[in-house]
Amino acid sequence: MLTRRHTLSLAVAGLALAAAPAFAQDWKAKYPELVFAIIPSENASGVVERYTPFVNYLAKELGTKVTLRIANDYAAIIEGQRAGNIHIGMYGPASFARARMTGAKVDAFAIETNLDGTKGYHSVFYVKKDSPYKKVEDLKGRNLGLVDPNSTSGNNVPRFVLNGMKIEPETFFSKVVYTGSHENAIIALQQGTVDMAANWWNDEQESNLQRMARKGMAKAEDFRIIYKSDQIVNSPMAYLTDLPEELKAKIRDAVLNLATKDKAAFDKIYEGKQGPLVAVDNKAYDPIIELNKFVDDLRKKKSS
């Protein structure tokens, strides 16, 4: 026999069950559109081609509209996430660290991996293959191509490395040029605008130069590396800390399972040259925050 207490309990349980689906959909009302943005590591058309299948996959998995935005520069994605206009961002390590340093409420949740399972890449200095330069010190009075002030492999690591060589870029080189993207740095070197260019390099199979070669934008054999840094922690994907937990869980699940759930979209991004995205947290980028602080201090000393 049902007592009044049982009846009340069942009624409350029924209300909870009825409310659950509505509660689960609350985030869709607040976020009818999500923006995924990426730093400009290559020209805009290349980014669109590479990431459109991923954005379509993410929209399907989340059941809501996802828009691809290509940031004009590295700072734009930081500012977009700080303002809450960019919900998910694909960063470089230094730009993600800078976002955290400047108060953006963001959390890294996925990291790129290499085919051998490692989670790092390198900063390199390229010169033309037929140039006379054998080491960085040979380029005194020549032009240096960097990428962006918030680029890890294209600015911060190069400046850290050069400082270790007792080289102050703005006085040692005739000119220091920020090219805006890794592709543009190679093009500047190709055209003779700069004599040495910083860039990212994973291994012999994958680098920005190799990607450009596959697109017919450059011949890899026309360049050679005269310096390679120690390994740097790979690039993260990060979402806004304040997104609903259910939405963040769905984003994580979709991204971490991309390689198996939509292999075509995954291969479009990485062309079979990198491993699947795996879980990561903010702590992995604490050493990059220290690197950023070091470069900031160098800049302050130079301007004082």
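Conventions we followed
- Every residue gets a number counted from 1 within its own chain, in the order that chain's sequence is written.
- The predicted origin of the model limits local features to residues at a pLDDT of at least 70 and limits the giving and counting of side-chain atom pairs to 80 or more, whereas totals for whole chains, interfaces and linings rest on all residues.
- Side-chain metrics in this entry use all non-hydrogen atoms of the structure; hydrogen atoms and water are not considered.
- Secondary structure elements follow DSSP: runs of H or I no shorter than four residues count as helices, runs of E no shorter than two count as strands, and numbering proceeds from the N terminus.
- Exposure categories follow from relative accessible area, calculated using a 1.4 Å probe and restricted to protein chains: below 20% of the type maximum is buried, above 50% is exposed, and the middle band is partly exposed.
- Between any two strands, pairing holds if DSSP finds at least two bridges.
- All axes here are fitted lines through C-alpha atoms, helices being fitted over the stretch that makes contact, and every angle between N-to-C directions spans 0 to 180 degrees.
- Contacts are residue-level and defined by heavy atoms, with any inter-residue pair within 4.5 Å sufficient.
- Salt bridge, as used here: a side-chain nitrogen of Lys or Arg that lies within 4 Å of a carboxyl oxygen of Asp or Glu.
- Between the rings of Phe, Tyr and Trp (Trp by its six-membered ring), a pair exists once the centres lie within 6.5 Å; its type follows the angle of the planes, with under 30 degrees stacked, over 60 edge-to-face, and the other angles tilted.
- What the arc describes is the spread of directions from the helix axis to the C-beta atoms.
- Polar contacts, as counted here, are pairs of nitrogen or oxygen atoms within 3.5 Å of one another; within protein the pair requires one atom able to donate a hydrogen and one able to accept it, and residues that are adjacent in sequence qualify only if both atoms are side-chain atoms.

Engineer: Looking at this structure, I do not really get the overall build of the chain. What am I missing?
Structural biologist: When helices and strands are counted, the chain shows twelve helices and twelve strands. Based on the C-alpha atoms only, the size of the chain along its principal axes is roughly 95 × 45 × 30 Å. Going through the 304 residues of the chain one by one, you find that 48% of them count as buried.

Engineer: Where do I start with the pairing of strand β6 (residues 143-146) in this structure?
Structural biologist: Taken residue by residue, a regular strand's side chains alternate between the two faces of the sheet. Residues N143 and G145 line one face of β6 and the alternating positions L144 and L146 line the opposite face, and both faces are buried. Of the strand pairs in this sheet, β6 and strand β7 (residues 175-178) are connected by four bridges, and their pairing is parallel. Pairing of L146 across the sheet is with Y178, part of β7.

Engineer: What is the right way to read the sheet that holds strand β11 (residues 236-240) from this model?
Structural biologist: Pairing between the strands of a sheet comes from backbone hydrogen bonds, and it takes one of two forms, parallel or antiparallel. Overall, mixed pairing links the six strands, which are arranged β2-β1-β3-β11-β4-β12 in an open sheet. Each of the sheet's edge strands pairs with one partner strand only, and the pair in question is β2 (65-70) and β12 (274-279). Across the sheet, the mean angle separating the axes of adjacent strands is 20 degrees when strand polarity is ignored. Relative to β12, strand β4 (residues 106-114) runs antiparallel, the two being bridged by four bridges. Looking at β12, one finds that T113 is bridged to G275.

Engineer: Sorry if this is basic, but what is going on with unusual backbone geometry here?
Structural biologist: For residues other than glycine, phi is negative in most cases, and the peptide bonds are mostly trans. Unlike most non-glycine residues, K166 shows phi in positive territory, near 65 degrees. Tracing the backbone shows K166 in the loop between α5 (152-164) and α6 (169-172). Judged by relative accessible area, which is 76%, K166 ranks as exposed. One non-glycine residue, E271, lies in the positive phi region at around 55 degrees. Inspection of the secondary structure assignment puts E271 in the loop between α11 (263-270) and β12. We classify E271 as partly exposed; its relative accessible area is 31%.

Engineer: So what exactly am I meant to see when it comes to the side chain of E183 here?
Structural biologist: Looking at where E183 falls in the secondary structure, it is placed in helix α7 (residues 182-191). Setting aside chain neighbours within four positions, we find E183 in contact with S41, E42, N43, N208, M212, K215 and M217.

Engineer: Teacher, can you tell me more about the pattern of salt bridges here?
Structural biologist: If charged atoms from side chains of opposite charge come close, those side chains can pair. Across all of its chains, the model carries 18 salt bridges by this definition. In this structure, R100 and D286 form a salt bridge, with 3.2 Å as the shortest nitrogen-oxygen distance. Of the two residues, R100 sits in helix α4 (residues 93-101) while D286 sits in helix α12 (residues 286-303), which places them 186 residues apart along the sequence. Residue class for D286 comes out partly exposed when judged on its relative accessible area of 33%. The partner of R159 in a salt bridge is E170, and the shortest N-O contact between them spans 2.8 Å. Linking R159 in helix α5 with E170 in helix α6, this pair joins segments that are eleven residues apart in sequence.

Engineer: Explain the packing of aromatic side chains to me, please; I cannot follow it from the model alone.
Structural biologist: Aromatic ring pairs are reported here in terms of the distance separating the ring centres and the angle at which the planes meet. For the coordinates displayed, the defined rule picks out ten aromatic pairs. Where F172 meets F173, the ring centres are 5.0 Å apart and the plane angle is 80 degrees; that geometry is what we call edge-to-face.

Engineer: What am I meant to see in helix α3 (residues 74-82) here?
Structural biologist: For an α-helix, the turn length of 3.6 residues means that residues three or four places apart are oriented alike. By the burial criterion, the buried members of α3 are Y74, I77, I78, G80 and Q81. One face of α3 carries all of its buried residues, which in axial projection span an arc of 165 degrees. Where α3 is buried, its residues meet β1 (33-38), β3 (88-90), α4, β4, α7 and β11. Two to three positions downstream of the cap, the backbone nitrogen of A75 sits 3.2 Å from a side-chain oxygen, assigning the N-cap of α3 to D73. G84, located one to two residues past α3, shows a positive phi value of around 85 degrees.

As far as function goes, none of this settles anything; it's purely spatial.
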